[in-house]
Amino acid sequence: MKDRGMKKWRAFASIPEQYIELQEIIYKQLEVPKPLLTEDQMEQMNQVLVEALYTNQKVYLTCYKHGKHITETGFIQFVDSSRDIFIFNDESSKLKKKIKLSEVINIRFV
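Since the model is a prediction, treat every value here as computed from it, not as a measurement.

Looking now at the sheet that holds strand β5 (residues 104-109). Read from one edge of the open sheet, five strands run β4-β3-β2-β1-β5, paired in antiparallel fashion. Each of the sheet's edge strands pairs with one partner strand only, and the pair in question is β4 (96-100) and β5. Averaged over all neighbouring strand pairs, the angle between strand axes comes to 45°, with direction disregarded. Across seven bridges, the pairing between strand β1 (residues 59-65) and strand β2 (residues 68-80) is antiparallel. Within the sheet, the bridge partner assigned to Cys63 lies in β2 and is Ile70. This element, helix α3 (residues 39-55), spans β1, β2 and β5 of the sheet and lies at about 50° to β5.

Here it is, written out as structure tokens:
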């Protein structure tokens with residue numbers, strides 16, 4: 001009798017996997033392509049980045065990660081263009097993030 005009960009429920013064992021696969025499909029449909037930036041846009045962002053670093057001004061930072069645009073507010077702490085990274089503190093200055101310069105799609109002053 002035990003074996004029959006186990007076989008009966010085996011059909012439902014794949015439901016969690018199917019749910020995960022469906023979630024992945026939905027997330028992929030919500031992805032947006034990375035915008036192509038012009039030379040002028042990149043130059044303007046570079047100027048804001050440098051000024052924000054030296055004047056410690058708060059910025060809105062929009063990055064492209066995993067098919068999404070992520071916008072945060074905070075301060076630029078360090079830039080290393082040779083390694084394609086910079087350090088960003090959120091508004092509370094408690095959370096430091098290492099972000100790739102190549103992921104930035106917009107940066108502007110608050």
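Among the six residues that make up strand β3 (residues 85-90), six are buried, leaving the element largely enclosed by the rest of the structure. The side-chain alternation of β3 yields two buried faces, one formed by Ile85, Ile87 and Asn89 and the other by Phe86, Phe88 and Asp90. Summarising the sheet, β2 and β3 pair through six bridges and their orientation is antiparallel. From the neighbouring strand, Phe78 faces β3, where its bridge partner is Ile87. Where β2 hands over to β3, the hairpin turn is made up of four residues, of which Asp84 adopts a positive phi near 60°. Note that β3 and β4 share five bridges and pair antiparallel. When the bridges of β4 are listed, Phe86 appears paired with Ile99. Where β3 folds back on β4, the antiparallel hairpin that results is connected by five residues, among which Ser93 adopts a positive phi of roughly 60°.

Conventions we followed
Residues numbered from 1 in each chain as written. Predicted model: local features only at pLDDT ≥ 70, side-chain atom pairs only at ≥ 80, totals over all residues. Heavy atoms only, no water. Pairing = 2+ DSSP bridges. Helix = DSSP H or I, 4+ residues; strand = E, 2+ residues; numbered from the N terminus. Axes fitted to C-alpha atoms, helices over the stretch in contact; angles between N-to-C directions. Contact = heavy atoms within 4.5 Å. Buried < 20%, exposed > 50% of the residue type's maximum accessible area, 1.4 Å probe, protein only.

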